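Secondary and tertiary structure notes
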Amino acid sequence: MASGQPSIPTHMKAQLLEAYNTPYALKEIPVPALTSPNDLLIRLDAAGYCHTDAVIAEGEWANVPRQFPHISGHEIAGTIVRKASPSSTAADELPIGTRVASPGRGYNPCGECFECRDPGNDYEGYSFFCPRSVSNGSSKHGGFAEYVVVDARQVVPLPDGLSAVDAAPLMCAGVTIYSALKRCNLSPGQRVGIIGCGGGLGHLGLQFAEAMGLRVTGVDAAPGALELAKSLGTKAHIVDARATPAEDLVRHIGKEDGKTDRADFGLDAVLILPDTQKSFDYGTTLLRNHGLCIVVSFLERGFQVSASDLVFRDLTIRGTMLGTHETLHETVEFAAKHNIKSVKQTFALNKLGDLVDRYRAGGGGKLVLDMSL
Ligand SMILES: [Zn+2]
Ligand SMILES: [Zn+2]
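Residues numbered from 1 in each chain as written. Chains lettered and ligands numbered in written order. Predicted model: local features only at pLDDT ≥ 70, side-chain atom pairs only at ≥ 80, totals over all residues. Heavy atoms only, no water.

**A look at the overall build of the chain**
When its secondary structure is counted, the chain shows twelve helices and 15 strands. The C-alpha atoms of the chain give 21 Å as radius of gyration, which agrees with the globular expectation for 373 residues (21 Å, within 12%). Its C-alpha atoms give the chain principal-axis dimensions of roughly 75 × 45 × 40 Å. Per-residue burial over the chain gives 52% buried out of 373 residues. Taking contacts inside the chain between residues at least 6 apart in sequence as the whole, the part at least 24 apart equals 69%. Of the charged side chains in the chain, 35 are positive and 41 negative, and the gap between their average positions amounts to 2 Å. (Helix = DSSP H or I, 4+ residues; strand = E, 2+ residues; numbered from the N terminus. Rg over C-alpha atoms; globule rule 2.2 N^0.38 Å. Buried < 20%, exposed > 50% of the residue type's maximum accessible area, 1.4 Å probe, protein only. Contact = heavy atoms within 4.5 Å. Lys, Arg positive; Asp, Glu negative; His and termini not counted. Charge placed at Lys NZ, Arg CZ, Asp CG, Glu CD.)

Structure below.
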C-alpha cells in the first residue's frame with residue numbers, strides 16, 4: 001500500500017438482503033475489490049433509504065438482474081479510500097480522502113451507445129441512462145455497508161458545508177425533485193403544485209421550489225406528512241387533500257390571482273409524487289389550461305388520463321427520472337447555497353431493521369443510515 005493511504009480491513013459489515021421479503025441481515029463479508037480503472041472504494045459515511053429500496057426488498061423489481069445476497073442503498077455519501085491501479089482520468093481528478101456522494105445509476109456506462117454518445121443528453125461519453133450501465137443498490141451492491149465501490153464518473157465531490165447525512169438524500173430524492181422542478185421550466189412568480197409534499201421528495205421539493213422563486217402549493221393527505229411540510233417554515237400554501245377538494249382549491253387560487261375564467265384558474269405546473277390515481281386526478285384538476293403535469297411516481301398499472309383534459313384543456317403530461325450528471329452537480333450546489341436539507345431521522349448501520357419499521361409507519365421526511373452513530 002502506498003504511504004498515506006488509509007488502512008482498509010479485509011472484511012466489512014454489510015446489511016444483506018438474502019431473499020425477497022426477508023429482513024436485512026447484518027453480516028461480515030469481504031470488502032469489495034476494484035475491477036475497473038474508474039472504480040473508487042468509498043468508506044461509507046451515510047446512506048439514505050428510498051422507496052425503491054422497499055420495492056426491491058418486496059421483490060417487485062425482480063426482473064432486474066440481481067445476485068443474492070444483495071446490498072441495497074443508492075443514496076450514498078462517503079470518503080474515497082482506494083483507487084484502482086491504473087486509474088482512469090476521472091478517478092485521477094479525485095484524490096484519496098475526497099468526500100463524495102453517488103447516486104445509484106451510471107456505474108460503468110459503456111461510452112458507446114446512443115445515450116452515452118448524445119451530448120444533449122448528458123456529459124459526452126457517458127450517461128446515467130446508458131442501458132448497459134449498472135446501478136448501485138439494484139443491479140450491483142449498494143451503500144448499506146461499511147464500504148462500497150462506485151464509478152468516478154457518477155460521483156459528485158461534496159462542498160465543505162454539506163454533511164454526508166445531508167448529501168446522501170440528494171442522490172435520489174433530491175436530484176429527482178430538483179430535476180422535475182427544472183423540467184417545469186417556470187419563471188419566478190409562477191405557480192407550481194407538489195402533490196405528496198410531505199414525503200421524502202416532496203418536502204425537499206417545497207424548499208427547492210421556494211428557493212427558485214416559485215409560488216408553491218403543497219398537497220398531502222397523511223397527517224404526519226402534512227405536519228412535516230408545515231414545519232419547514234416555507235411560504236408554501238399547504239393543503240390537506242382530505243379536507244379540501246381540488247375544485248375548491250383551484251377556485252381559491254383563481255380568486256387569489258384575480259381571475260374570473262375557470263379555464264384560466266390554477267397552477268402552471270404540478271408534480272405528482274404519490275403512486276395513486278387520486279393524487280394524479282387531484283393534481284391535474286389544479287392546473288390551468290395549457291398546464292404541465294410532471295409524473296414522478298410510477299403506478300404499476302399506470303395512471304388513467306382524461307382524454308378531454310389533453311384535448312380541451314391542452315394539458316401536457318410528461319415523466320421524469322433522476323436527472324443528468326450535470327443536474328446532479330447543480331442539485332448539490334443549489335442545496336448547499338440555499339441551505340436546503342431534508343428533515344431526517346438517522347440510524348446506525350446495525351439498526352437498519354428499525355429504520356425499515358419506521359419507514360413502514362410513515363410520517364414523512366427521510367430516513368438515513370449515519371455511520372458516525
Ligand atoms: Zn431512490
Ligand atoms: Zn452507454
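**Re the packing of helix 5 (residues 173–183) against helix 6 (residues 200–211)**
Direction vectors running N to C along helix 5 and helix 6 enclose 50 degrees, while the axes themselves pass 9 Å from each other. Relative to helix 6, the element helix 5 is oriented oblique. Two packed elements cross with a definite hand, and for helix 5 against helix 6 that hand is right-handed. Together, Ala-173, Gly-174, Thr-176, Ile-177, Tyr-178 and Leu-181 of helix 5 and Gly-200, Leu-201, Leu-204, Gly-205, Phe-208 and Ala-209 of helix 6 make up the contact between the two elements. Here the contact of helix 5 with helix 6 is built from residues that sort into eight nonpolar, four polar and no charged. (Axes fitted to C-alpha atoms, helices over the stretch in contact; angles between N-to-C directions. Parallel < 35°, antiparallel > 145°, perpendicular 65-115°, else oblique. Left-handed = near helix turned anticlockwise from the far one by under 90°. Nonpolar A, V, L, I, M, F, W, Y, C, P; charged D, E, K, R; others polar.)

**Quick look at the coordination of the zinc ion (ligand 2)**
Donor atoms from the polypeptide that bind the zinc ion (ligand 2) are Cys-110 (SG), Cys-113 (SG), Cys-116 (SG) and Cys-130 (SG), placed at 2.3 to 2.4 Å. Around the zinc ion (ligand 2), the four donor atoms sit at angles spanning 105 to 117 degrees, and that spread fits a shape best called tetrahedral. Sequence spacing among the residues donating to the zinc ion (ligand 2) works out to C-x2-C-x2-C-x13-C. Just as Cys-113 is buried, Cys-116 falls in that class too. (Donors = N, O, S within 2.8 Å, 3.2 Å for Na, K, Ca; no water. Tetrahedral: all angles 85-135°; square planar, octahedral: opposite > 155°, others 65-115°.)

**Quick word on a nonpolar patch on the surface**
Taken together, the side chains of Val-305, Leu-310, Val-311, Phe-312 and Ile-317 present a nonpolar region at the surface, about 460 Å² in accessible area. Among the structural elements, Leu-310 can be located in helix 10 (residues 307–311). Looking at Leu-310, the relative accessible area reads 36%, which means it is partly exposed. (Patch = residues over 30% accessible without salt bridge, like charges linked within 9 Å, V, L, I, M, F, W, Y side chains within 5 Å. Areas by Shrake-Rupley, 256 points an atom, 1.4 Å probe, with all protein chains shown as cover. Salt bridge = Lys/Arg side-chain N within 4 Å of Asp/Glu carboxyl O.)

**Some thoughts on helix 12 (residues 352–361)**
Burial in helix 12 covers these residues: Leu-352, Leu-355 and Val-356. The arc enclosing the buried residues of helix 12, seen along the axis, measures out at 100 degrees, which places them on a common side. Looking at the buried side of helix 12, the elements it contacts are strand 1 (11–16), strand 3 (39–49), strand 14 (344–347) and strand 15 (366–370). Where helix 12 ends, the next residue or the one after it, Gly-362, has phi of about 75 degrees, a positive value. (Arc of directions from axis to C-beta.)

**Let's talk about a negative patch on the surface**
Negative charge collects at one region of the surface, where Glu-58, Glu-60, Asp-275 and Glu-300 lie side by side. Turning to its location among the elements, Glu-58 is positioned in the loop between helix 1 (51–57) and strand 4 (75–83).

**Observations concerning the layout of surface pockets**
One number sums up the size of the second largest pocket: a volume of about 280 Å³. Surrounding the second largest pocket, 15 residues form its lining, Tyr-24, Tyr-49, Ala-57, Val-356 and Arg-360 being those nearest its centre. Those elements that provide at least two residues to the lining of the second largest pocket are helix 1 and helix 12. Considering every element that reaches the lining of the second largest pocket, the biggest residue donor is helix 12, with five residues. Across the lining of the second largest pocket, the residue classes tally to eight nonpolar, four polar and three charged. (1 Å grid on protein atoms, 1.4 Å probe; cavity = no way out; pocket = protein on both sides within 12 Å on 5 of 7 lines; lining within 4 Å. Points joined across faces, edges and corners; volume = space filled by probe spheres on them.)

None of the figures reported here should be taken as evidence of function without further support.
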